[in-house]
Amino acid sequence: MISYSLSGFVKRDFGSNAISAKGQGGEKMISSIAELISDRIGTMPAGERRAAQTLIASYPLIGLKTVAEFSAAAGVSSPTILRFVARLGFQNYPEFQSALQDELAAQLQSPASRTFNPPSPNGGAVSPMLEATLDNLRETFRHLSDKQLADIVAKLADRRGKTFLIGGRFTDPLARYMAAHLAIIQPNVFHLAGQESVWRDRLIDMGKRDVLVIFDIRRYQDSLVRFAETAHQRGVQIVLFTDQWLSPIARFARHVIAGRTAVPSAWDSSAALFVVAETLIGAVTRQLEADGAKRIRELESLR
């Protein structure tokens, strides 16, 4: 079963059942549809759960199709789709689709097209950025369950397989940072750098016991999506770090950590994803305490 940690927002009122939070610049932010699904999927009947999983697997495009097309893709009835939409807090299907369209527009934004919040009353730039970053951290971890963290840690600490890490144009430093730490406490940890052809050559070494950690936030990198799909076809278990709008890689991932990235800037922030990565590094280190300590001592003796 795929597990998700989904955190995000769109500037809409989804009805009385929606979850609200104070967002950047003090404006009221409402949870994304992916986040609403994450919070409520445990109480959904089987048919609605299939609808939710189908939407996440093709997020958000399947939800922009007709009710009949959505129901056919999920293998459930049209009334089930409408009940699923109502459970998320929407009054009707068009309102649900309008929210998805807003999220799709946010996915496609370039830094040049993003609006900037007005300066703070004291004229400083630090306070709004700090508040937004702290809010991103709180909301990201609010949707990270102990079970999901434990499942990811168990996979990363499994000595029977190899661990590969990779990121996009701006997120690859996170992959490199995480790989550098994990490689100290266990063997067979590899950061995939360089051109796409180099990554693809490593696929021959990947199999069902291995894990591929991918960092990918908007605007999502096509080369990473292609790479993830091929790795998935080889049975590799994928752990995806993404944003509140969900990289297309989510459809191939075993675990999806979707953190908040929006800040009052033209650029998205990776701070929340970085702290999640550090949390996992610490947990894997504790899991491998004896073997890791021995490996560290041996490494130190070689210096």
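As a reminder, the structure under discussion sits directly above these lines.
Residues numbered from 1 in each chain as written. Predicted model: local features only at pLDDT ≥ 70, side-chain atom pairs only at ≥ 80, totals over all residues. Heavy atoms only, no water.

Burial analysis of strand β8 (residues 237-242) places 5 of its 6 residues in the buried class, the great majority of the element. The sheet contact formed by strand β7 (residues 211-215) and β8 spans 5 bridges and is parallel. Paired with V211 across the bridge in β8 is Q237. In this structure, β8 lies alongside strand β9 (residues 255-258), joined through 4 bridges in parallel fashion. In the strand pairing of β9, V239 is matched with H255. (Buried < 20%, exposed > 50% of the residue type's maximum accessible area, 1.4 Å probe, protein only. Helix = DSSP H or I, 4+ residues; strand = E, 2+ residues; numbered from the N terminus. Pairing = 2+ DSSP bridges.)

Attention shifts here to the packing of helix α7 (residues 146-156) against helix α11 (residues 271-287). At a minimum axis distance of 9 Å, the contact between α7 and α11 shows a crossing angle of 60°. Classified by the angle their axes make, α7 and α11 are oblique. Seen from above, α7 lies across α11 with right-handed handedness. Residue-level contacts link L149, I152, V153 and L156 of α7 to L280, A283, V284 and Q287 of α11. For the contact of α7 with α11, the residue count by class is 7 nonpolar, 1 polar and no charged. (Axes fitted to C-alpha atoms, helices over the stretch in contact; angles between N-to-C directions. Parallel < 35°, antiparallel > 145°, perpendicular 65-115°, else oblique. Left-handed = near helix turned anticlockwise from the far one by under 90°. Contact = heavy atoms within 4.5 Å. Nonpolar A, V, L, I, M, F, W, Y, C, P; charged D, E, K, R; others polar.)

All right, on to helix α8 (residues 172-185) then. Its 14 residues place the ends of α8 21 Å apart at the C-alpha level, agreeing with the 20 Å of an ideal helix rising 1.5 Å per residue. For α8, the full list of buried residues reads D172, L174, A175, M178, A179, L182 and I185. In a view along the axis of α8, the buried residues occupy a sector of 145°, so they form one face of it. (Expected span 1.5 Å × (residues − 1). Arc of directions from axis to C-beta.)

Attention now goes to the packing of aromatic side chains. Using the criterion set out here, one finds 9 aromatic pairs in the structure. With 6.3 Å between their ring centres and 90° between their planes, F70 and F84 make a pair best called edge-to-face. With F70 in helix α3 (residues 67-74) and F84 in helix α4 (residues 78-87), the pair connects residues that are 14 residues apart, well separated along the chain. A single burial state applies to F70 and to F84, both of which are buried. For the ring pair F164 and F190, a centre distance of 5.4 Å and an interplane angle of 25° mean the geometry is stacked. Of this pair, F164 sits in strand β5 (residues 163-167) while F190 sits in strand β6 (residues 189-191), and the two are 26 residues apart along the sequence. (Phe/Tyr/Trp six-rings, centres within 6.5 Å; stacked < 30°, edge-to-face > 60°.)

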